Amino acid sequence: MQTIQGDGFIVTVIKSGRRKTSALKIKDQHVSIHIPSRLPLKLAREFVLQKTSWIQKKLAEQSLKETPEKQFIDGEGFLFLDKKYTLRFIQADTSPSVIKTPLELELHGRLNRLSITTIRATLIRWYKQQAEHYLTSRTAEIARQIDLMPTSVTVKTYKARWGSCGIRGDVQFNWKLMLAPPSIIDYVIVHELCHLKHHNHSALFWQLVEHHSPTFKASRQWLKSNGHSLEI
Ligand SMILES: [Zn+2]
């Protein structure tokens, strides 16, 4: 199957002998281009390039509709590092806690007394703990690779940002990043570490980001389109 790499998305090419014109379709967050069999792929690529902002807008609109409110019920799916885990309630005579298994997030506790607020708070506490561990060690690894060392790494709750970098070299990250793919998390880490050198979003800053994260444009677009779904 042929595909075309777009800016933050992939397009599947579907050829048809009967087709006279090209058309783009977007369904379930999947983009496809339907073209006449004899149309050169180069022209299909140009068509996708021309329609890039339209595709990005449609993808963002669709994913907005597709993110329903969480209900915090047994069997519901929760993302962790881009993988979906099933929430399972397990009766135990203990204060509520979360245990991750290969496929599930088990919430142990006195089930008859657990309110949705408590379940949500317990899950958030667990995500924050994972974030402290994962983001701290991953930041240390990347910092060594690119030789930009922060003075400290902290995990926070932000509504509309993924991280920040203070003037003293302290970096902060949003724990909600733990729902995202690891490659996206790496981009955010690189972004904040590059602020250690450039405390702004100047052209020099973006050059440095691109140097350490060549696919940063796709990652930025991914966050723009999917960021709102990294929520519990
Ligand atoms: Zn920034």
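The rules behind these values
Residues numbered from 1 in each chain as written. Predicted model: local features only at pLDDT ≥ 70, side-chain atom pairs only at ≥ 80, totals over all residues. Axes fitted to C-alpha atoms, helices over the stretch in contact; angles between N-to-C directions. Helix = DSSP H or I, 4+ residues; strand = E, 2+ residues; numbered from the N terminus. Parallel < 35°, antiparallel > 145°, perpendicular 65-115°, else oblique. Left-handed = near helix turned anticlockwise from the far one by under 90°. Contact = placed C-beta atoms within 7 Å. Nonpolar A, V, L, I, M, F, W, Y, C, P; charged D, E, K, R; others polar. Domains from an automatic or database assignment. Pairing = 2+ DSSP bridges. Buried ≥ 20, exposed ≤ 12 C-beta atoms within 10 Å, placed from the backbone.

## Some points on the packing of helix H4 (residues 182-194) against helix H5 (residues 203-212)
Item 1. Close contact between H4 and H5 brings their axes to 9 Å; oriented N to C, the two are set at 140°. Relative to H5, the element H4 is oriented oblique. Judged by the twist between their axes, the crossing of H4 over H5 is right-handed. Contacts between H4 and H5 involve Val190, His191 and Cys194 from the former and Phe205, Leu208, Val209 and His212 from the latter.
Item 2. For the contact of H4 with H5, a count of residues per class yields five nonpolar, two polar and no charged.

## Comments concerning the domain arrangement of the chain
Item 1. For the chain, the assigned domains are domain 1 (3-65) and domain 2 (77-229).
Item 2. Summarising the inter-unit geometry, the C-alpha centres of domain 1 and domain 2 are found 31 Å apart.
Item 3. Taken residue by residue, the interface counts seven residues in domain 1 and nine residues in domain 2.
Item 4. Here the side of domain 1 that touches domain 2 is composed, by residue class, of three nonpolar, three polar and one charged.

## Describing the packing of helix H3 (residues 116-146) against H4
The relative placement of two packed helices comes down to the angle between their axes together with the axis-to-axis distance.
Item 1. Two numbers describe how H3 lies on H4: the axes approach to 10 Å, and their chain directions differ by 60°. Judged by the inter-axis angle, H3 sits oblique to H4. Once H3 is placed against H4, the crossing between them reads as right-handed. Touching Arg138, Thr139, Ile142, Ala143 and Ile146 of H3 are Ile185, Asp186, Ile189, Val190 and Leu193, all from H4.
Item 2. For the contact of H3 with H4, a count of residues per class yields seven nonpolar, one polar and two charged.

## Examining the sheet that holds strand E3 (residues 23-27)
Item 1. Ordered by their spatial adjacency, four strands build an open sheet running E1-E2-E4-E3, and the pairing between neighbours is mixed. Pairing within the sheet leaves two strands with one partner each, and these edge strands are strand E1 (3-5) and E3. Pairwise comparison of adjacent strand axes, ignoring direction, gives a mean angle of 30° for this sheet.
Item 2. Two elements, strand E2 (residues 10-16) and strand E4 (residues 30-36), share six bridges in a ladder whose sense is parallel. From the neighbouring strand, threonine 12 faces E4, where its bridge partner is serine 32.
Item 3. Contacts from helix H1 (residues 41-50) reach E1, E2 and E4 within the one sheet, and its direction differs from that of E4 by about 135°.

## Observations concerning unusual backbone geometry
Item 1. Residues other than glycine seldom take positive phi values, yet aspartate 82 does so here, at roughly 70°.
Item 2. As for its position among the elements, aspartate 82 is in the loop between strand E5 (77-80) and strand E6 (83-91).
Item 3. Judged by local crowding, aspartate 82 falls into the partly exposed class, with 15 C-beta atoms found within 10 Å.
Item 4. The backbone of aspartate 147 shows a phi angle near 60°, a positive value even though the residue is not glycine.
Item 5. Mapped onto the elements, aspartate 147 comes out in the loop between H3 and strand E9 (152-156).
Item 6. Judged by the 8 C-beta atoms lying within 10 Å of it, aspartate 147 falls in the exposed class.

## Description of the environment of tyrosine 134
Item 1. Relative to the helices and strands, tyrosine 134 is located in helix H3.
Item 2. Classification of tyrosine 134 as partly exposed rests on a count of 19 C-beta atoms within 10 Å.
Item 3. When the C-alpha positions of tyrosine 134 and serine 219 are compared, they lie 19 Å apart, and in sequence the two are 85 residues distant.

## As for the environment of glycine 169
Item 1. Tracing the backbone shows glycine 169 in the loop between strand E10 (163-165) and strand E11 (170-174).
Item 2. Those residues within four positions of glycine 169 in sequence are excluded, and the remaining contacts are Pro150, Thr151 and Leu196.

## So, the pairing of E4
If a strand is regular, its side chains alternate between the two faces of the sheet.
Item 1. By the bridge criterion, five bridges tie E3 to E4 in an arrangement that is antiparallel. For lysine 25, the partnering residue across the bridge sits in E4 and is serine 32.
Item 2. The hairpin formed by E3 and E4 contains two residues between the paired strands, and aspartate 28 there has a positive phi angle of roughly 50°.

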